[in-house]
Amino acid sequence: MLLYPAIFTLAMLVPLSCVLAQAPADSPAPPDSEIRKLLVERIDTQKQSVGIVVGIVDAKGRRIVAYGHLAKDDQRQLNGDTVFEIGSMTKVFTSLVLMDMVQRGEVALDDPVAKYLPPEVKVPERAGRKITLRDLSTQTSGLPRMPDNLHPKDPANPYADYTVEQLYQFISGYTLTRDIGEEYEYSNLAVGLLGNALARRAGVDYETLVRTRILKPLGMNDTGITLSPEMKARLAVGHNAALQAVPNWDLPTLAGAGALRSTANDMLTFLAANLGLVKTELAPAMA
């Protein structure tokens, strides 16, 4: 879905108490030297990226291995605090917010999404079934990958001027081509709509909802949509396949599908919580 600035890699292995210089003897992950060798080959030889950050977390702690630069014309080194667009990893946060709201009794998985949208929005139905929050989260709603009324003024930042009004207009005029729940189809539209509906239910914008329900409880201070000047200075620049710099993207309306920015260190914190390596209040929702 999104152009990733450099490449953000998380090695998802199984309390965050120490930073390890090398993998311990019993670690399933390769040592830092082997990971670095792969990164050097990918960046210097294969020219597939400008910079890569690898994060590894397991029961013994966390490690960061980084190689490359913030941008092709910016020789600052990457590290665990470099800010990246994390793109569709945002969808995991949207689904976690959904489960947190279910745990709190604020919504139910099988609530029709129409319940949380303005009454004038006509959500498509089929065979007597309504699209539910569960359907949106599991990518089985029958909604397409993208709305067909997205016509960006700036193709380099295609979601920036897509409005809530356009989203509701597309939803109201769309006819489902198959039964709801019939099959999986990856849909930025569906999860973007889910984020919108949950934020409406909570009475806040999507970023505030994610911050209060997930980021603050986990101490993820380097994750968000709106960046401070200090975080902007650490933001990795996007590059295309020819390693030419491209703008970062903004997704004001479909934020739940891919608007978050984060760091390897923050994402390891999130990953450790999901793996149960640390105890958090979000454990029931994560489960």
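Residues numbered from 1 in each chain as written. Predicted model: local features only at pLDDT ≥ 70, side-chain atom pairs only at ≥ 80, totals over all residues. Heavy atoms only, no water.

Undergrad: Mind laying out the packing of aromatic side chains, listing which residues take part and the relevant values?
TA: Applying the stated criterion to the full structure yields three aromatic pairs. Taken together, a centroid distance of 5.8 Å and an interplanar angle of 50° make the contact between Y159 and W249 tilted. Separated by 90 residues along the polypeptide, Y159 in the loop between α3 (133–137) and α4 (164–173) and W249 in the loop between β9 (245–246) and α8 (255–258) bring together distant segments of the chain. Taken as a pair, Y159 and W249 share a single burial class, namely buried. (Phe/Tyr/Trp six-rings, centres within 6.5 Å; stacked < 30°, edge-to-face > 60°. Helix = DSSP H or I, 4+ residues; strand = E, 2+ residues; numbered from the N terminus. Buried < 20%, exposed > 50% of the residue type's maximum accessible area, 1.4 Å probe, protein only.)

Undergrad: Outline the layout of surface pockets, supporting the account with residue identities and numerical values.
TA: By volume, the largest pocket amounts to about 270 Å³. Considering the residues around the largest pocket, the lining is formed by 20 residues, among which Y206, L251, P252, T253 and A255 are closest to the centre. For the lining of the largest pocket, the secondary-structure elements that each account for two or more residues are α5 (188–202), α6 (206–218) and α8. Here the lining of the largest pocket gets five residues from one element, more than from any other, and that element is α5. Classifying every residue of the lining of the largest pocket by side-chain character gives 10 nonpolar, five polar and five charged. (1 Å grid on protein atoms, 1.4 Å probe; cavity = no way out; pocket = protein on both sides within 12 Å on 5 of 7 lines; lining within 4 Å. Points joined across faces, edges and corners; volume = space filled by probe spheres on them. Nonpolar A, V, L, I, M, F, W, Y, C, P; charged D, E, K, R; others polar.)

Undergrad: Explain the pairing of strand β4 (residues 74–77) to me, using residue names and the numbers behind them.
TA: With two bridges joining them, strand β3 (residues 61–71) and β4 adopt antiparallel strand pairing. Residue pairing in the sheet places H69 in a bridge with Q77 of β4. Remark: two residues form the turn of the hairpin made by β3 and β4, two consecutive strands paired antiparallel. (Pairing = 2+ DSSP bridges.)

Undergrad: Can you break down the side chain of D111 residue by residue, with the values?
TA: Structurally, D111 is set in the loop between α2 (90–103) and β6 (125–126). With a relative accessible area of 12%, D111 lands in the buried category. Within the structure, the side chain of D111 is placed 2.9 Å from the backbone nitrogen of A108, a separation counted as a polar contact. Among residues more than four places away in sequence, those in contact with D111 are Y116, I131, T132 and L133. (Polar contact = N/O pair within 3.5 Å; in protein donor to acceptor, adjacent residues only side chain to side chain. Contact = heavy atoms within 4.5 Å.)

Undergrad: Describe the nonpolar core, and please don't skip the residues or the numbers.
TA: A general tendency of soluble globular proteins is for nonpolar side chains to be buried together. Within the largest apolar cluster, 53 residues are counted, with the highest numbers of intra-cluster contacts made by F93, V113, L143, I171, I214 and F270. Elements with a contribution of two residues or more to this core: α2, α3, α4, α5, α6, α9 (264–274) and α10 (283–286). Considering every element that reaches this core, the biggest residue donor is α5, with seven residues. Each residue touching V113, except ones within four places of it in the same chain, is listed here: V123, I131, T132, L133, L136, L193 and A197. (Core = buried A, V, L, I, M, F, W, Y, C linked by side-chain atoms within 4.5 Å.)

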